[in-house]
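# Analysis of the macromolecular model
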Amino acid sequence: MGRLVGVDLARALAVFGMYIVHIGPPLSATTGVGSWIRYLADGHSSVLFATLAGFSLMLLAGRREPKTGLACRQAKARIAIRAVVLLALGTAMAMEYGGVIILGFYGVYFLLALPLVRLSAKTLAIIAAAFALVTPQLAFVLTSLLTPSVQESINTYDPLRRLSEVGVLDLLLTGFYPALTWMSFVIAGMALGRLDLSSSTVKRRLAAVGAALTVAAYGMSLLLAGKNALRSTAEDGSSSGGSGSMPPGSGSMPPDGGSFPNIPASSLLSAGPHSGTTFDIIGSIGVAILVIVGATVLMDRLPRLRRLAKPVIAVGTMSLTAYVGHFLAQSALSMPAGTSTQQSWVPLLMFILGATLFAAIWSRFFRRGPLEYLLNAATKPAKHIR
């Protein structure tokens with residue numbers, strides 16, 4: 001009851017987008033429609049995931065009206081507990097699957113977002129815009145100054161880095177989804193969470209904003225950086241099981257943990273997947289808004305489609321289970337993760353079908369997914385906050 005079904009559908013699409021990147025053929029092995037599907041999934045699926053994470057924070061903190069007093073303190077405690085659990089789960093998975101796991105980054109996002117949960121949609125939108133404009137340049141400067149010796153010194157005393165290849169430095173600056181630049185997506189999602197998505201006027205305005213951001217960002221990047229501006233800058237990153245291209249200016253930790261290459265400042269004009277530039281961030285937020293609004297409109301206006309999409313929507317209600325599950329299934333089946341030798345779309349389709357079937361059956365008997373239930377149970381102590 002009371003679920004935003006369109007948001008659940010968007011969350012399912014984000015999960016399937018991650019499947020495309022992790023399981024589907026690499027961009028170099030696709031043609032025609034397949035190339036467009038792969039290109040849209042690269043970067044945009046994880047960005048949609050992060051934007052919806054911000055939206056979910058508002059569901060905990062009070063959707064349209066922020067919680068106050070005791071309710072606010074308990075909500076913040078629930079968010080903090082979720083953050084710690086996700087950071088621990090993300091670290092455990094990174095020990096096995098490497099730096100492509102986004103859950104640990106989620107934990108950091110949630111902690112950094114705590115001071116913002118009572119702000120209005122307008123204020124959150126302004127902060128997200130400021131982050132999009134400033135943090136890519138800041139990340140570029142910081143990564144340019146990050147010498148191998150400094151990097152090694154930080155990692156030496158980092159307990160997370162000792163456990164996995166994702167340490168504090170990766171979580172904040174140099175990983176696949178660095179908090180410094182990715183908080184723009186989370187805060188934008190928080191702003192969306194404060195809005196009334198049942199209002200036709202709000203949805204029309206959001207659609208216009210999303211389209212304007214997408215066209216302006218990618219258009220300006222093409223104008224300034226040329227035809228290669230939107231291309232993946234490191235296809236090998238995705239073909240090895242990553243979630244998109246390696247960022248040129250932020251979030252570009254080399255796979256071997258070595259020093260950063262000499263990255264030209266002109267890379268800040270690109271808008272390729274995971275490039276971490278202002279153009280990439282603004283354009284990706286625009287795409288995320290369009291997907292969320294589009295899914296909401298479809299579910300509101302087409303009840304028959306809503307009934308047909310119920311199994312897919314179920315995946316969105318248990319996205320954590322679906323996300324973790326596909327990594328575990330890949331390991332159990334010893335499947336190559338989107339390597340250059342992976343030419344077929346069949347494994348991807350089987351994973352999507354399997355996740356949809358599992359979610360549809362599970363949701364008939366349980367309110368939450370398996371991991372969602374455990375995560376919710378872990379936050380129960382927050383009710384004792386006074």
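Quick caveat, the model's predicted, so the values are computed rather than measured. (Residues numbered from 1 in each chain as written. Predicted model: local features only at pLDDT ≥ 70, side-chain atom pairs only at ≥ 80, totals over all residues. Heavy atoms only, no water.)

## Considering the overall build of the protein
When its secondary structure is counted, the protein shows 18 helices and zero strands. Scored against the burial criterion, the 386 residues of the protein give a buried share of 53%. Counting contacts in the protein only where the partners sit at least 6 residues apart, residues at least 24 apart contribute 78% of the total. Per element, the accessible surface of the protein, about 17300 Å² overall, is 67% carbon and sulfur. (Helix = DSSP H or I, 4+ residues; strand = E, 2+ residues; numbered from the N terminus. Buried < 20%, exposed > 50% of the residue type's maximum accessible area, 1.4 Å probe, protein only. Contact = heavy atoms within 4.5 Å. Areas by Shrake-Rupley, 256 points an atom, 1.4 Å probe, with all protein chains shown as cover.)

## A closer look at the pattern of salt bridges
Using the criterion set out here, one finds five salt bridges in the structure. Taking the shortest distance from any N to any O, the salt bridge between arginine 161 and aspartate 170 comes out at 2.9 Å. Looking at aspartate 170, the relative accessible area reads 3%, which means it is buried. A salt bridge links aspartate 300 to lysine 203; the shortest N-O distance between them is 2.8 Å. With aspartate 300 in helix α13 (residues 278-301) and lysine 203 in helix α11 (residues 200-225), the pair connects residues that are 97 residues apart, well separated along the chain. (Salt bridge = Lys/Arg side-chain N within 4 Å of Asp/Glu carboxyl O.)

## Concerning the packing of helix α6 (residues 121-145) against helix α10 (residues 179-193)
Where α6 meets α10, the axes come as close as 7 Å, and the angle between the chain directions of the two elements is 170 degrees. Of the possible angle classes, the one that applies to α6 and α10 is roughly antiparallel. Along its contact with α6, which presents Ala121, Leu124, Ala125, Ile127, Ala128, Phe131, Ala132, Thr135, Pro136, Leu138, Ala139 and Leu142, the element α10 presents Leu180, Thr181, Met183, Ser184, Ile187, Ala188, Met190 and Ala191. Broken down by class, the residue content of the contact of α6 with α10 amounts to 17 nonpolar, three polar and no charged. (Axes fitted to C-alpha atoms, helices over the stretch in contact; angles between N-to-C directions. Parallel < 35°, antiparallel > 145°, perpendicular 65-115°, else oblique. Nonpolar A, V, L, I, M, F, W, Y, C, P; charged D, E, K, R; others polar.)

## What to know about the packing of aromatic side chains
Within the structure shown, the criterion is met by 14 aromatic pairs. Aromatic side chains tyrosine 19 and phenylalanine 351 sit 6.5 Å apart centroid to centroid with 85 degrees between the ring planes, which places their arrangement in the edge-to-face category. Placement of the pair is tyrosine 19 in helix α1 (residues 5-23) and phenylalanine 351 in helix α17 (residues 346-365), with a sequence separation of 332 residues. Judged by its relative accessible area of 2%, tyrosine 19 falls in the buried class. (Phe/Tyr/Trp six-rings, centres within 6.5 Å; stacked < 30°, edge-to-face > 60°.)

## Comments concerning the nonpolar core
The biggest cluster of nonpolar side chains holds 88 residues, and the ones touching the most others in it are Tyr19, Ile102, Leu103, Tyr109, Phe110, Met190 and Tyr323. For this core, the element with the highest residue contribution is α1, accounting for 13 residues. Contacts of isoleucine 102, omitting those with residues within four sequence positions, involve Met18, Ser46, Phe49, Tyr177 and Tyr323. (Core = buried A, V, L, I, M, F, W, Y, C linked by side-chain atoms within 4.5 Å.)

## Structural notes on the environment of valine 186
Mapped onto the fold, valine 186 is located in helix α10. C-alpha separation for the pair valine 186 and leucine 112, spaced 74 residues apart in sequence, amounts to 9.9 Å. Ignoring anything within four residues of it in the chain, the contact list for valine 186 reads Ala50, Gly54, Leu57 and Tyr109.

## Things to note about empty space enclosed by the protein
To locate leftover empty space, one rolls a probe as large as a water molecule over the atoms. Counted under the stated rule, the structure contains two cavities of 30 Å³ or more. Its boundaries defined by the atoms lining it, the second largest cavity holds a volume of some 50 Å³. Contributing to the lining of the second largest cavity are Leu87, Gly90, Thr91, Ala94, Ile101, Gly104, Phe105, Val166 and Leu171. Elements represented by at least two residues in the lining of the second largest cavity include exactly α4 (69-97) and α5 (103-113). Top element by residues in the lining of the second largest cavity is α4. It accounts for four residues. Among the residues forming the lining of the second largest cavity, the class breakdown is six nonpolar, three polar and no charged. (1 Å grid on protein atoms, 1.4 Å probe; cavity = no way out; pocket = protein on both sides within 12 Å on 5 of 7 lines; lining within 4 Å. Points joined across faces, edges and corners; volume = space filled by probe spheres on them.)

## Notes on the confidence of the model for the protein
Scored by pLDDT, the protein has a mean of 85; 88% of the residues are at 70 or more. Per-residue pLDDT stays below 50 along residues 232-261; that stretch engages in 95 contacts with residues further than four places along the chain or on separate chains. (pLDDT = per-residue confidence, 0-100.)

## Thoughts on the packing of α1 against α13
When two helices pack together, their arrangement is given by the angle between their axes and by how far apart the axes lie. Two elements in contact, α1 and α13, have axes whose closest approach is 7 Å; the angle formed by their N-to-C orientations is 130 degrees. When the interaxial angle is binned, α1 and α13 end up oblique. Classified by chirality, the crossing of α13 by α1 is right-handed. Within the contact between the two elements, α1 uses Val5, Gly6, Val7, Leu9, Ala10 and Leu13 and α13 uses Val291, Ile292, Ala295, Thr296 and Met299. Split by residue class, the contact of α1 with α13 holds nine nonpolar, two polar and no charged. (Left-handed = near helix turned anticlockwise from the far one by under 90°.)

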